[in-house]
Amino acid sequence: MTWVERIRQWWFMPPRCCNGIVHLNPYGRDAVTLAADLVNEPPATTADLERRCVAADLVLGGSPDLAAVSAFLRLWTAVVDAPTAAARAERLNTLLTATTAHPRLTDHDGTWHLHFRDNDLPPSDIVAAILTAGTALHLVGRGMGRLGRCAADGCDRIYADTSRGGNQRYCSPACANRDAVRRHRARGAAV
């Protein structure tokens, strides 16, 4: 789909649900980006995991179990590696069932917002619930293909595509540049 078609679809088509609000929800973006970061650079210690969660504005209220979060991240990685959108949805639905609860309104911090988990969960379960719900919001709001592995040869890092155009193929600008240089040199050698 070209950018013109996307604009036409956005401008002329009424939103199918949620008044289009899902597309503006940063909850999904922050959580799915944190999940990709934790998989790409696994935390070595509980303190490292806590620090990275706090940096992503995920307040846990205690120390998470590093082994439990690592086990969850392996299941989350299977969502990324699903071969089709239907398989991705099935794997994510399994995680949603296991980790999340019905959305609930809360104002525990003075601002009304949604929680996708039960109250009084252990910190590791909070991480799993938020990353799973965030991934679901990211995929339904931006597109089921907005999660993947880097296309650069020799790199298997995960990326969460939060770009405007939805055409991210690399985990970083460095991988994109290296791959462009490799392709350029290959074309020069073929001449």
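1. What about the overall build of the chain?
The secondary structure content of the chain amounts to 7 helices and 4 strands. Overall, the chain shows an N-to-C arrangement of helices and strands of α-α-α-α-α-β-β-α-β-β-α. The buried share of the chain, taken over its 191 residues, is 35%. In the chain, 46% of the contacts between residues at least 6 apart in sequence involve partners at least 24 apart.

2. Description of the nonpolar core
Grouped together as the largest cluster of nonpolar side chains are 29 residues, with contacts concentrated most on C53, L58, F72, W76, V127, L131 and L147. Elements supplying a minimum of two residues to this core: α2 (26-40), α3 (46-55), α4 (66-80), α5 (85-99), α6 (123-142) and β4 (158-160). The contacts of F72, once residues within four sequence positions are left out, are L95, T99, A128, L131 and T132. Counting residues in each nonpolar core, the second largest holds 5 residues, with C150, A152, Y170 and C175 among its members.

3. Some remarks on the environment of D156
Its place among the elements puts D156 in the loop between β3 (147-149) and β4. Remark: the alpha-carbon pair of D156 and C171, spanning 15 residues in sequence, is separated by 8.6 Å.

4. As for the packing of α5 against α6
The geometry of α5 relative to α6 is characterised by a closest axis approach of 9 Å and an angle of 145° between their N-to-C directions. Taken as a pair, α5 and α6 cross one another with a handedness that is left-handed. Counted together, R88, L92, L95, L96 and T99 of α5 and A128, A129, T132, A133, T135, A136 and L139 of α6 form the full contact between these two elements. A per-class count over the contact of α5 with α6 returns 8 nonpolar, 3 polar and 1 charged.

5. Brief notes about the confidence of the model for the chain
Looking at the chain, pLDDT values average 85 and 85% of them are 70 or higher. Element-level pLDDT for the chain is lowest in helix α1 (residues 3-12), with a mean of 46, against a maximum mean of 98 in α4. Segment residues 6-26 is flagged for pLDDT under 50; beyond a separation of four residues in sequence, or across chains, it makes 13 contacts in the model.

What counts and how
- Residues numbered from 1 in each chain as written.
- Predicted model: local features only at pLDDT ≥ 70, side-chain atom pairs only at ≥ 80, totals over all residues.
- Heavy atoms only, no water.
- Helix = DSSP H or I, 4+ residues; strand = E, 2+ residues; numbered from the N terminus.
- Buried < 20%, exposed > 50% of the residue type's maximum accessible area, 1.4 Å probe, protein only.
- Contact = heavy atoms within 4.5 Å.
- Core = buried A, V, L, I, M, F, W, Y, C linked by side-chain atoms within 4.5 Å.
- Axes fitted to C-alpha atoms, helices over the stretch in contact; angles between N-to-C directions.
- Left-handed = near helix turned anticlockwise from the far one by under 90°.
- Nonpolar A, V, L, I, M, F, W, Y, C, P; charged D, E, K, R; others polar.
- pLDDT = per-residue confidence, 0-100.

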